Amino acid sequence: MKTTRSFLTSTLAIAFLGGALGVASVSLVSPQVSVAQMMQTQAPKPLSPSLQGKPVVVDIYATWCPGCQTIAPTLSQLKKQYQGKVNFVVLDVSDKNTTKAAEAKAKQLGLTTFFEANKTQTATVAIIDPATGMVVQQFRKNANAGDYTKVIDGQISRMAKN
């Protein structure tokens, strides 16, 4: 009974505080939001001019990451297949020094928001629209080249029409 009363008191206090602050509703459980959804709620922000005109494939990589080793041959194949048609960016988070360099590179290229949201998610590969900075598709530990080519080809086709 004491636990129930304590819970109700806490719940009422939270509800009162929320009302006092002008919050329409208070949720005790936060919903799961994907990185792509989070990035899409932010205002569109084009990537660096050096990345414009071609789809951008960003790889969050670390030497110690087994998933990164698994997808490396696929990414190598894609780099050869799309040479000159796609911008490939590798952000190496293997250690403090490489992470610091990756952070600077991300800032220079307009990928800061993406990097901050994903720097702990090694083996993440995202295809980003450089005109908007929005993630078109994001994969994690995915070595299936067909999944990437489908999205990349769609982006190349879309950009050719614009």
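What you see is a predicted model, and the numbers here were worked out from it, not measured in a lab.

What to know about unusual backbone geometry
Backbone geometry places A123, a non-glycine residue, at a positive phi of 70 degrees. Locating A123 in the fold gives a position in the loop between α5 (112-118) and β3 (124-129). Its identity as a non-glycine residue notwithstanding, K141 has a phi of 55 degrees, on the positive side. Here K141 shows up in the loop between β4 (134-140) and α6 (145-161).

Focus on the packing of helix α3 (residues 66-81) against α6
With their axes 10 Å apart at the nearest point, α3 and α6 run at an angle of 35 degrees to one another. In terms of crossing hand, the pair formed by α3 and α6 is right-handed. Counting all contacts with α3, which are made through T74, Q77, L78 and Q81, the residues of α6 involved are A145, Y148 and T149. Of the residues contributing to the contact of α3 with α6, the split by class is 3 nonpolar, 4 polar and no charged.

Remarks on the sheet that holds β4
Ordered in space as β2-β1-β3-β4, the 4 strands form an open sheet in which the pairing is mixed. The open sheet has two edge strands, β2 (87-92) and β4, and neither has a second partner. Here the strands of the sheet are splayed against their neighbours by 20 degrees on average, with no regard to which way each runs. Across 5 bridges, the pairing between strand β1 (residues 56-61) and β3 is antiparallel. From the neighbouring strand, V57 faces β3, where its bridge partner is I127. Contacting β1, β2 and β3, α3 runs over the sheet at an angle of about 155 degrees to β1.

Some remarks on the nonpolar core
Among the nonpolar cores identified, the biggest contains 33 residues, and V58, V89, L91, L111 and I128 are the most heavily contacted of them. The contacts of V58, once residues within four sequence positions are left out, are V89, L91, L111, F114, T124, V125, A126 and I128.

Quick look at the side chain of T122
Among the secondary structure elements, T122 is positioned in the loop between α5 and β3. For T122, a relative accessible area of 8% translates into the label buried. For T122, the residues in contact, after removing those within four places along its chain, are I60, A62, W64, C65, C68, V93 and R140.

Focus on the pairing of β4
Relative to β4, β3 runs antiparallel, the two being bridged by 6 bridges. Of the residues in β4, the one forming a bridge with T124 is R140. If you look at the hairpin formed by β3 and β4, you'll find 4 residues sitting between the two strands, and G133 has a positive phi there, around 80 degrees.

Conventions and cut-offs
Residues numbered from 1 in each chain as written. Predicted model: local features only at pLDDT ≥ 70, side-chain atom pairs only at ≥ 80, totals over all residues. Heavy atoms only, no water. Helix = DSSP H or I, 4+ residues; strand = E, 2+ residues; numbered from the N terminus. Axes fitted to C-alpha atoms, helices over the stretch in contact; angles between N-to-C directions. Left-handed = near helix turned anticlockwise from the far one by under 90°. Contact = heavy atoms within 4.5 Å. Nonpolar A, V, L, I, M, F, W, Y, C, P; charged D, E, K, R; others polar. Pairing = 2+ DSSP bridges. Core = buried A, V, L, I, M, F, W, Y, C linked by side-chain atoms within 4.5 Å. Buried < 20%, exposed > 50% of the residue type's maximum accessible area, 1.4 Å probe, protein only.

In short, shape yes, function no, at least from these values alone.
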